[in-house]
Amino acid sequence: EARCADAFTPWPPEFEARYKAEGYWGDVLLGDIARGDPSRTAVVAGRDRVSYGELDRRVANTASGLLRLGVERGDRVIVQLLNTTGFVVTFLALARIGAIPVLALPAHRESEIRYLCELADARAYVCADTDGGFDYRAMARALPVEHVIVDGDAQELVALAELAGGTGGPAEIWNRPAPSDIGVLLLSGGTTGLPKLIPRTHRDYVYNLEASAEVCGVTAGTVYLAVLPVAHNFALACPGVLGVLAAGGTVVLASSGSPDEAFPLIERERVTACALVPPLAHLWLEAAPRTRNDLSSLALLQVGGARFAPERAARVPEVLGCALQQVFGMAEGLLNYTRLDDPPELVERTQGRPLSPADEIRIVDAKGAPVAPGEVGELLTRGPYTPRGYYRAPEHNRLAFTADGFYRTGDLVRRLPSGHLVVEGREKDQINRGGDKISAAELESHLLAHPAVHDAAVVAIPDPVVGERTCAYLIARRPHAKDRPAADEPAEPAPERPTLRQIRDFLRERGVAAYKFPDRIEYVASFPRTAVGKISKKDLVAAATR
Ligand code: J2J
């Protein structure tokens, strides 16, 4: 516990006492949540079919292997795995020995992973072998970590399976984590130049996943299909893979949410629940009327991560034959769910209400004063599973949290008398590309590194399919004065303007995840400014959509 003290802001003692006394925080550790009947199926992934008994053995053996390697309590380990059994085993094994998984998305590339290694001062990196032509092992060899562990063909690196196969059986874990320790570091969607990590303690995350499982009616009979990356909070713990394992249900892991892959799995495994982002839900609504697959087992479809249009929400029950649940969540904590017994009106038109009776909500105007009931304002929140600060980010924390510990979500919401929230927009400088979050500042700083780019401003433009797309406004760099033609030569040459293709190649070359690439670029001579001289992104959006 002590070694983490400088890295994150603990809840004040009176809150800790209250959350414990009221039963939100218990003593269960993240590594011990998979407590299903040993003979029942815990995880299905491709040809892998693993019982709870077998899962527990694999977790114990992997935990021993990690200890033998020298990974110990408090060490940070970057985990970049696909939706595989290896992810579940690695996550639980690390949690069991008190090492802290730092969850990267499969789409992240060297720029993001290297930064995470440095920020978290990581001991080890666990990755897939390859995916879609990308070789994680090649990237891994250049990273500043002591150990690289590979789920799959490890070449000369350490294989995850080999790690678990050591002799001597499970080792004694003498230095167990405390429930108040950081159990996992989640990646923030980000609004700043550099990504942030969110420290989730064992006890707050266990509450997060157990309370979510309860609100979603998860039982040992649940068969949950994970198609979103399980490194993301939604598919991991809302209730996600961990919530379903905690209830003794079955988790089916898939690598894509396309109807071609998901529908046959739903039929074969008799899937009862699934979580999607809106663009995927849209695809499912389009594909379901024509499918030959039997989707009748599906009882609950969660949709969240970005705005889900009410017209589409209303079609889910008739077209997919299941209940819809809207989820407005964030890796920073607060989760809002529509409830299974909410009237259709609320399920279709709201993004749910807070999970916990102990969640505190404030909706404020630009000056920080509460708005009148029903008015739109910025959502601030604190509660038993909303941390009080980012990991190793004291300066940013002073901006992102109020003095009394409320997290500034940057989301603009309206609250109905029922307590349900409607997301009306966003104040933060972020693009929500169908659930994928892109920090404008981060992308701008990459664009500014291009030698032909003088200035960059990134905005979200509305899109009928993914909701928002990324548009980068660029000011091309004029050639340097010394390169300019002499006075007797003809007029100065036009600045060179990289094409969208060239910009994307440049970002790929820099090791930036592809989902952050702009969909569109526009060259301008100058940016519109606000009265106080800041770039007016509102005017840029208006110009892009004219
Ligand atoms: C509009 N905007 C939404 C929604 C999230 C469950 C579900 C989603 C996330 C997630 C998550 C939205 N309508 N229904 O972690 O556990 C936007 C908001 C929010 C941000 C958080 C979960 N649901 N959003 O999306 O950390 O702007 O978490 O602040 O990726 O997504 O993004 P993220």
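Note that the structure is a prediction, hence the values are computed from the model and not measured.

Caption draft 1: Here's a closer look at the environment of Arg-497. Take Arg-497: it is sitting in the loop between strand 26 (467-476) and helix 16 (500-509). Classification of Arg-497 by C-beta neighbours within 10 Å gives partly exposed; the count is 14. When the C-alpha atoms of Arg-497 and Val-79 are compared, they prove to be 38 Å apart, with 418 residues separating the residues in sequence. In contact with Arg-497, not counting residues within four places along its chain, are Ala-452, Ala-476 and Tyr-523.

Caption draft 2: Main features of unusual backbone geometry. Cys-238 connects to Pro-239 through a cis peptide bond whose omega is -15°. The residue Pro-239 is located in the loop between helix 8 (233-237) and helix 9 (240-246) in this model. Residue Gln-155 is not a glycine yet carries a positive backbone phi of 50°. With respect to the element layout, Gln-155 can be found in the loop between strand 8 (147-151) and strand 9 (158-159). Phi at Arg-392 takes a positive value of approximately 50°, unusual for a residue other than glycine. Examined against the element boundaries, Arg-392 turns out to sit in the loop between strand 20 (377-382) and helix 14 (394-400).

Caption draft 3: Examining the site of the ligand more closely. In the vicinity of the ligand, 22 residues are found, and the nearest of them are Asn-233, Phe-234, Gly-304, Gly-329 and Ala-331. If you list the elements that add at least two residues to the shell around the ligand, you get helix 8, strand 16 (323-330), strand 21 (407-415) and strand 22 (421-426). Considering each element in turn, the shell around the ligand owes the most residues, five residues, to strand 16. For the shell around the ligand, the residue count by class is nine nonpolar, nine polar and four charged.

Caption draft 4: Examining the sheet that holds strand 20 more closely. Strand order across the open sheet formed by four strands is 19-20-21-22, with antiparallel pairing between neighbours. At either margin of the open sheet sits one strand with a lone partner, and together these are strand 19 (360-364) and strand 22. Each adjacent strand pair in this sheet contributes to an overall mean axis angle of 45°, direction not counted.

Caption draft 5: Structural context of the sheet that holds strand 9. Spatially, the seven strands line up as an open sheet ordered 9-8-5-3-4-10-11, and their pairing is mixed. Taken across any chain shown, the strands that pair with only one partner, and hence form the sheet edges, are strand 9 and strand 11 (197-201). Judged from the five bridges that link them, strand 10 (residues 182-187) and strand 11 form a sheet pairing that is antiparallel. Bridge pairing links Leu-185 to Pro-199 in strand 11. Against the sheet, helix 3 (residues 85-97) makes contact with strand 3 (76-80), strand 4 (100-103), strand 5 (124-128), strand 8 and strand 10, and its axis sits at roughly 170° relative to strand 3, the strand it touches most. The strands touched by helix 7 (residues 202-215) are strand 10 and strand 11; relative to strand 11, the strand with the most contacts, the crossing angle is about 85°.

Caption draft 6: How the structure looks around the packing of helix 2 (residues 52-69) against helix 3. One can describe the packing of helix 2 onto helix 3 by two numbers: an axis separation of 8 Å at closest approach and a directional angle of 60°. Put simply, helix 2 runs oblique to helix 3. For the crossing formed where helix 2 meets helix 3, the hand is right-handed. Where helix 2 approaches helix 3, its residues Arg-58, Val-59, Thr-62, Ala-63, Leu-66 and Leu-67 are matched on the opposing element by Val-89, Thr-90, Leu-92, Ala-93, Leu-94, Arg-96 and Ile-97. Residue composition of the contact of helix 2 with helix 3, by class: nine nonpolar, two polar and two charged.

Parameters and conventions
- Residues numbered from 1 in each chain as written.
- Predicted model: local features only at pLDDT ≥ 70, side-chain atom pairs only at ≥ 80, totals over all residues.
- Helix = DSSP H or I, 4+ residues; strand = E, 2+ residues; numbered from the N terminus.
- Buried ≥ 20, exposed ≤ 12 C-beta atoms within 10 Å, placed from the backbone.
- Contact = placed C-beta atoms within 7 Å.
- Near = placed C-beta within 6 Å.
- Nonpolar A, V, L, I, M, F, W, Y, C, P; charged D, E, K, R; others polar.
- Pairing = 2+ DSSP bridges.
- Axes fitted to C-alpha atoms, helices over the stretch in contact; angles between N-to-C directions.
- Parallel < 35°, antiparallel > 145°, perpendicular 65-115°, else oblique.
- Left-handed = near helix turned anticlockwise from the far one by under 90°.

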